[in-house]
Amino acid sequence: MYGLMQEHALALPLVFRRVEQYFGHKRVVTGRVDGESAVTWADVCARTRRLAAALDRLGVPSGARVGTFGWNSQRHVELYLAVPCTGRVLHTINHRLFHEQIRYIVDDAADDVLFVDRSLLPTVWPLAESFRSPRHVVVMDDGADVPLPDDPRIVGYETLLAEVSLFDGEFSIADENTAAALCYTSGTTGNPKGVLYSHRSMVLHALLLLMTDTFGISERDVVMPVVPMFHVNAWGFPYAAMLCGADLVLPGPAMRPAELITQMERHRVTFTGAVPTVWRGLEPLLADHDLSSLRMIVCGGGAVDDALSRSYQQAIGIPLTNAWGMTETSPVVTVPRLATVHDDLDPDAQRAVIGSPGLAVPLTELRVIGEDGTEVAWDGSTPGELQAAGPTIAARYVGEERPGPAFTDDGWLRTGDVATIDGHGYVRIVDRTKDLVKSGGEWIPSVELEGAIMADPRVAEAAVIGVEHPRWGERPVAYVVPKPGTGLTADDVREHLTSHVARWWIPEQVIFISEIPKTATGKFAKRQLRLQHRQDIPPEE
Ligand code: AMP
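For clarity, every value in this text was computed on a predicted model and none was experimentally measured.

J.: I keep staring at helix 2 (residues 41–57) and nothing clicks. Help me out?
T.: Residues that lie three or four places apart on an α-helix share one face, since the helix turns once every 3.6 residues. Compared with the 24 Å implied by 1.5 Å per residue over 17 residues, the 24 Å span of helix 2 between its first and last C-alpha is a close match. Note on helix 2: the residue one or two positions beyond its end, G59, has a positive phi of about 75°.

J.: Sorry, what's going on with unusual backbone geometry here?
T.: Leaving glycine aside, a negative phi is the common case for residues, and trans is the common case for peptide bonds. Backbone torsion omega between S330 and P331 reads 5°, so that peptide bond is classified as cis. Tracing the sequence through the fold places P331 in the loop between strand 14 (320–325) and strand 15 (332–335). In this model, W235 sits at a positive phi of 60°, which is unusual for a non-glycine residue. Mapped onto the elements, W235 comes out in the loop between strand 10 (222–225) and helix 8 (237–244). A residue is classified by how much of its surface remains accessible, and W235, at 6% relative accessible area, is buried. Even without being a glycine, S330 presents a positive backbone phi close to 85°. Relative to the elements of secondary structure, S330 occurs in the loop between strand 14 and strand 15.

J.: I tried to follow empty space enclosed by the protein on my own but got confused; where do I start?
T.: Over the atoms a probe the size of a water molecule is rolled, and this reveals where empty space is left. Scanning the entire structure with this criterion turns up two cavities of 30 Å³ or more. What the largest cavity holds in volume is close to 50 Å³. Lining the largest cavity are Y197, M202, H205, A206, N233, G236, Y239 and S330. Sort the elements by how many residues they give to the lining of the largest cavity and helix 7 (residues 199–210) lands first, with three residues. Here the residues of the lining of the largest cavity sort into four nonpolar, four polar and no charged. In this structure, the second largest cavity occupies an estimated 40 Å³ of space. Lining the second largest cavity are G70, W71, N72, R96, V226, P228, F230, G252 and M255. Tallied by class, the residues present in the lining of the second largest cavity amount to five nonpolar, three polar and one charged.

J.: I would appreciate a short explanation of the sheet that holds strand 19 (residues 413–421) in the present structure.
T.: Within a beta sheet, neighbouring strands are joined by backbone hydrogen bonds and run either parallel or antiparallel to one another. Read from one edge of the open sheet, four strands run 17-18-19-20, paired in antiparallel fashion. Since the sheet does not close on itself, it has two edges, and those belong to strand 17 (365–369) and strand 20 (427–432), each with one partner. With direction set aside, neighbouring strand axes in the sheet form an average angle of 50°. As paired elements, strand 17 and strand 18 (residues 384–389) share five bridges and run antiparallel to each other. Opposite R367, over in strand 18, you have Q387 as the bridge partner.

Conventions used here
- Note on numbering: residues in each chain are counted from 1, in written sequence order.
- In keeping with the model being predicted, local features are shown solely for residues with a pLDDT of at least 70 and side-chain atom pairs are shown and tallied solely at 80 or more, while totals for entire chains, interfaces and linings include all residues.
- Side-chain measures here rest on the full set of heavy atoms in the structure, leaving out hydrogens and waters.
- Segments assigned H or I by DSSP are reported as helices when at least four residues long, segments assigned E as strands when at least two residues long, and all are numbered from the N terminus.
- A helix is expected to span 1.5 Å for every residue after the first.
- For every residue, the accessible area obtained with a 1.4 Å probe (protein chains only) is divided by the maximum for its type, and the residue is called buried under 20%, exposed over 50%, and partly exposed between those limits.
- Only protein atoms enter the calculation, which uses a 1 Å grid: trapped sets of points that fit a 1.4 Å probe without letting it out are cavities, open sets showing protein on both sides within 12 Å along at least five of seven lines are pockets, and any residue with an atom within 4 Å of a point is a lining residue.
- Grid points are joined across faces, edges and corners, and a volume is the space filled by probe spheres set on the points.
- Polarity classes work like this: nonpolar for Ala, Val, Leu, Ile, Met, Phe, Trp, Tyr, Cys and Pro, charged for Asp, Glu, Lys and Arg, and polar for all others, with Gly in that last group.
- Only strands joined by at least two bridges in the DSSP assignment are considered to pair.
- Helix axes use the C-alpha atoms of the stretch in contact, all axes being lines fitted to C-alpha atoms, and the angles between their N-to-C directions lie in the range 0 to 180 degrees.

Below, the structure written as structure tokens:
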């Protein structure tokens, strides 16, 4: 027997209607290269309606991917609304990726149109020749003094909006499983992989963020996503702000620590989130700014360092709140809260709880699978692979006919993180099985880096591991076996890499050894190398 309730699709037009109907008076502020702009949500909604008409004018078909290379900005928010609410797919692209990866991603997604912030043109335009699919490149003027290429594909965002009259109907998505957004992750081995979010997953994720025991985001908040809008939809913060009518402060290209902290202070930001490297960068400035408005700082995408969290607590009265998630998980899956069971803990222990990944948000299920393939006990000490299932978790990657090796036979996502779960469901990440280094929130594939090092004829073997780093979270360390008689130095290795990989991939530490330890099957024993590194060398400054 079916229930007799209305079958309303959980789709982003509901979010648009809510912010347009109820919260038109609330604010959206954007940092620009040349200052700042402030508008109301009513302005954003009216411009979204124009943008919807402009996408029609450009002839962007339903279901087509609309690629964006953008900072966190009002225009990016307009794209967040107009693209999915008209049945197209918003494809946010990380402009910091290696050029080959960007090229691969634009091709694989077959983006029909690209929207590019003017300050990012110097990165994107040199690649444009090699993009196969985009018919237009729409430039969003963020105040950068960058010349516009003389090319028929270039269109100005404001010109485009000025040329159309706004769409005055109701946005409608009939099937909630329609694709809404696309984000590629390079946090896997091989080429980046596309994660295709549905309207349903986006709406559910936004609702989950509002829950009191998640982030409790409300109309009274001033939300500032420092996490980029190309990184898993800025962790869903913009949609959450729209649903509840919070003010939104977007840093735009003004991403230096001094600029970020000034914006937080000036706009009395109450809720913000970014990767650990950002919070490390702001820490020396805390004493000189009034951040008393902040009620929660989310430090996600990597572990929280307790010393850093303590500095925040001492300087502004609140510690850093960790959260765990992945591109494949929309992303927020676990958030720590001080529950009744933590009431008797001393302040340091309570800060440690807040600095741990925490427990799963409602609707998502977690399990930890041990080496024997069975689920381990939730005892807080037995580690295994963390696996996740739920309506905001990917079922497979773009282009896969059936779920690939990242998914289990019973449909759970294999996260590649090694974790323990305690008796109350609190997760702790203890290691990673995926062979990747996360530096400043961005991935470095160690296997590719090893390949680049071994491309030097003076190298016999090389293995790369990620080690903790106080500023970047992790940095790659290369273990290298030189060929006899070559006299290879660490500088030689780095010099060789400059023409093979992105500059930020190049390891500061190159350690020469006589042999790379191997597993029984002849693979590099990275676990052993990591242990060896921890014993031999204290974390570097
Ligand atoms: P991404 O898909 O780029 O967002 O990266 C997701 C990965 O970042 C996870 O699989 C973890 O390896 C790492 N990560 C995310 N959140 C945390 C956290 N709270 N603690 C430790 N590692 C994390």
